[in-house]
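Spelled out from the first residue to the last, the chains are:
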Amino acid sequence: MEFKSKIKTIEWIDNYSKMVDQTVVPYEYKFINVTTGDNMFHAIRDMIVRGAPAIGIAGAHGVVLYAQEGRDKFTNIEDFKIWLIDKAEYMKTSRPTAVNLMWACEKQIEIIRDSKSDINGLIEELKQNAIKLENEDIEINKKIGDYGAEVVPKGATILTHCNAGALATVGYGTALGVVRSAYAKDNTIQVFADETRPRQQGARITTFELAMDGIPVTLITDGMCSYFMSKGMIDMVVVGADRIAANGDTANKIGTYTVAIAAKYHNIPFYIAAPLSTIDTSIASGKDIPIEERSHEEVTHINGKRICAEGVKIINPGFDVTPHELIAGIITEKGILKPDYNKSISEAFKG
Ligand code: MRU
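In this report, we go over the structure that sits alongside the text.

Definitions and cut-offs
- Residue positions are counted from 1 within each chain, in the order its sequence is given.
- With the structure being a predicted model, the display of local features is reserved for residues of pLDDT at least 70 and the display and counting of side-chain atom pairs for 80 or more, all residues being used for whole-chain, interface and lining totals.
- Think of the side-chain values as coming from all heavy atoms in the structure, minus any hydrogens and water.
- When the centres of two rings from Phe, Tyr and Trp lie within 6.5 Å, Trp using its six-membered ring, the rings pair. Their planes under 30 degrees apart give stacked, over 60 give edge-to-face, and anything left gives tilted.
- Burial classes: relative accessible area under 20% of the type maximum marks a residue as buried, over 50% as exposed, and values in between as partly exposed (1.4 Å probe, protein chains only).
- Under the scheme used here, helices are H or I runs from DSSP no shorter than 4 residues and strands are E runs no shorter than 2 residues, and both carry numbers assigned from the N terminus.
- Here, a charge over a ring means that NZ of Lys or CZ of Arg falls within 6 Å of the ring centre while also lying within 35 degrees of the ring normal.
- In this text, near means that some heavy atom of the residue lies within 4 Å of the molecule or strand in question.
- Under the rule applied, a polar contact is a pair of N or O atoms within 3.5 Å (in protein, one hydrogen donor and one hydrogen acceptor; residues adjacent in sequence only if both atoms are side-chain atoms).
- For accessible areas, the Shrake-Rupley method is used with a probe of radius 1.4 Å. Any residue's cover is judged against the shown protein chains and nothing else.
- Three categories are distinguished: nonpolar for Ala, Val, Leu, Ile, Met, Phe, Trp, Tyr, Cys and Pro, charged for Asp, Glu, Lys and Arg, and polar for the others, with Gly belonging to the last.
- Domain start and end points were adopted from an automatic or database domain assignment.
- The set of buried Ala, Val, Leu, Ile, Met, Phe, Trp, Tyr and Cys residues whose side-chain atoms join them within 4.5 Å is what this entry labels a nonpolar core.
- We call two residues in contact when some of their heavy atoms are within 4.5 Å.
- Strands pair, by our definition, only if DSSP identifies at least two bridges between them.
- To define axes, lines are fitted to C-alpha atoms, for helices over the stretch in contact only, and angles between the resulting N-to-C directions are given on a 0 to 180 degree scale.
- What a helix is expected to span follows from its residue count: subtract one and scale by 1.5 Å.
- Any Lys or Arg side-chain nitrogen found within 4 Å of a carboxyl oxygen on Asp or Glu counts as a salt bridge.

What to know about the packing of aromatic side chains
One pass over the full model with this rule turns up eight aromatic pairs. The interplanar angle of 70 degrees and the centroid separation of 5.5 Å between the aromatic rings of Tyr29 and Phe31 together place this pair among those described as edge-to-face. Note on Tyr29: relative accessible area 29%, which makes it partly exposed. Between the aromatic rings of Phe41 and Tyr90, the centroid separation amounts to 4.2 Å while the plane-to-plane angle is 5 degrees, which identifies the pairing as stacked. Taken together, the residues span a long stretch of sequence, with Phe41 in helix H1 (residues 37-45) and Tyr90 in helix H3 (residues 77-92) at a distance of 49 residues. Through pairs of rings, three or more aromatic residues link up here, namely Tyr29, Phe31 and Phe208. The ring of Phe31 is capped by Lys18, whose NZ or CZ atom sits 4.7 Å from the centre of that ring.

Here it is in structure tokens:
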């Protein structure tokens, strides 16, 4: 039985991009229309759209939006292409860690370089490519979900960190795709969701989307995971990824590394669920993954209210890197990759 999720996070409609505004979830579930390339840049940077695969698709949409804006500026296709590639390169810089953004913009750049069409024809090709990437994202997530469901024990409690669900992708989700596929087979499984300070994606978004789909979820704060592991209440951990290096080291939301260490100590399998587009084989190990430093206000304030003394020093890295030796498997659309990751990752790209 296939699990039907109700959520579609981002979608190309005629000549604009429609997306869930994730800054207001769970208080509101509303859509906004993004109609210019610059507005898409800001939507990604300000996390109106977030989650590695979702911002990849947003980037691809952003390139189409810029292309539409360029239609009236140029008559010569070569000048148009140079201008548009520059805009696509700029779009890549809207956030630094999730490689899906660079991957999807690069897919659009390839179309721009290879196209033999005129300006209108090229815009249409870019639009069709964005829609194709969008549809593929859901198909890939379902495959990830189905492979992952095979390693979920009966009646399992699955811990997850941040949000790697339908709202972090076009739909279905990666880590939560595993949950959805497993739940379709066995409705006695449940999820424990870490709150995920500072932006609270676990509390705000993961619990929201699981509740919306009727999947049992318990919210815990970030510091509680070892406690529940020590009580034998967690059977496995599944999280998403923002960038995976060639050796399997994985960048994901800050706090993921702590969960992975706790899981190792308690002998609990810790899995990454991610599409191959999250794997950056140009990076040998996690130490080369760029880590986003985010605004200090995310730490000093909760819901607009200061929670610490004025003048306190703040450091706010958005992501951390879990070393590959803590990872039991990387669940992809090509199956579950196992250590030695250098080998299994390079084979996954060949096959
Ligand atoms: O800063 P965010 O909310 O974009 O971070 C998201 C995460 O870290 C997710 O876990 C990751 O992108 C995987 S999404 C399928």
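What about the site of the ligand?
The full set close to the ligand counts 18 residues, and Arg50, Gln201, Asp242, Asn252 and Lys253 are the nearest of them. Between the ligand and Gly51, the relevant distance is 3.0 Å, taken from an oxygen atom to a main-chain nitrogen or oxygen of the residue. For the ligand, an oxygen atom lies 2.7 Å from a polar atom in the side chain of Asn252. Coverage of the ligand by the protein chains reaches 99% of its 420 Å² of free accessible surface. Secondary structure elements with two or more residues in the shell around the ligand: helix H2 (52-70) and strand S9 (250-253). Looking at the shell around the ligand residue by residue, the class counts come to eight nonpolar, six polar and four charged. Mapped onto the domain boundaries, the shell around the ligand takes at least three residues apiece from domain 1 (10-141) and domain 2 (144-350).

A few points about the nonpolar core
Formed by 43 residues in total, the largest nonpolar core has its most connected members in Met19, Met40, Ile44, Phe80 and Leu84. Mapped by element, the contributors of at least two residues to this core are strand S1 (10-13), H1, H2, H3, helix H4 (99-114) and helix H5 (119-149). No other element matches the eleven residues that H2 contributes to this core. Other than its neighbours up to four places away in sequence, Phe80 contacts Ala67, Gly70, Arg71, Phe74, Ile119, Leu122 and Ile123.

Regarding the sheet that holds strand S7 (residues 236-239)
Here seven strands make up an open sheet; going across it, the order is S6-S5-S4-S7-S10-S15-S16 and the pairing mixed. Whereas interior strands pair on both sides, the edge strands pair on one side only; in this sheet they are strand S6 (217-220) and strand S16 (335-337). Here the average twist between neighbouring strands, direction ignored, is 30 degrees. Relative to strand S5 (residues 190-194), strand S4 (residues 157-160) runs parallel, the two sharing four bridges.

Observations regarding the sheet that holds strand S11 (residues 279-280)
As summarised here, the arrangement of the four strands in space is S11-S8-S9-S14, forming an open sheet in which the pairing is mixed. The open sheet has two free edges, formed respectively by S11 and strand S14 (319-322), since each of these has just one partner strand. Two strands pair when backbone bridges link them, and strand S8 (residues 243-245) and S9 are joined in this way by two bridges, in the antiparallel orientation. Within S9, the position partnered with Ile244 by the bridge is Thr250.

Some details on helix H7 (residues 201-212)
The first and last C-alpha atoms of H7 sit 15 Å apart over twelve residues, in line with the 16 Å expected at 1.5 Å per residue. Counting buried positions along H7 gives ten out of twelve residues, so the element sits mostly inside the fold. Every buried residue of H7 is accounted for by Gln201, Gly202, Ala203, Arg204, Ile205, Thr206, Thr207, Phe208, Glu209 and Leu210. Lining the buried residues of H7 we find S4, helix H6 (175-185), S5, S6 and S9.

Section: the pattern of salt bridges
Applying the stated rule across the entire model yields 16 salt bridges. Measuring nitrogen to oxygen at the nearest pair gives 3.5 Å for the salt bridge that ties Lys154 to Asp186. One end of the pair, Lys154, is in the loop between H5 and S4; the other, Asp186, is in the loop between H6 and S5, with 32 residues separating them in the sequence. Of the residues examined, Asp186 reaches a relative accessible area of 11% and is grouped as buried. Three or more residues are tied together by salt bridges with common partners; here these are Arg95, Arg199, Glu292, Arg294 and Glu298.

Quick notes on the pairing of strand S15 (residues 329-332)
Residues in a regular strand project their side chains so that they alternate between the two faces of the sheet. Alternating residues of S15 divide into Gly329 and Ile331 and Ile330 and Thr332, and every residue in both groups is buried. Where strand S10 (residues 270-273) and S15 come together, three bridges link them in parallel fashion. Paired with Tyr271 across the bridge in S15 is Gly329. Note that S15 and S16 share three bridges and pair antiparallel. In the sheet register, Ile330 faces S16, and the bridge partner there is Leu337.

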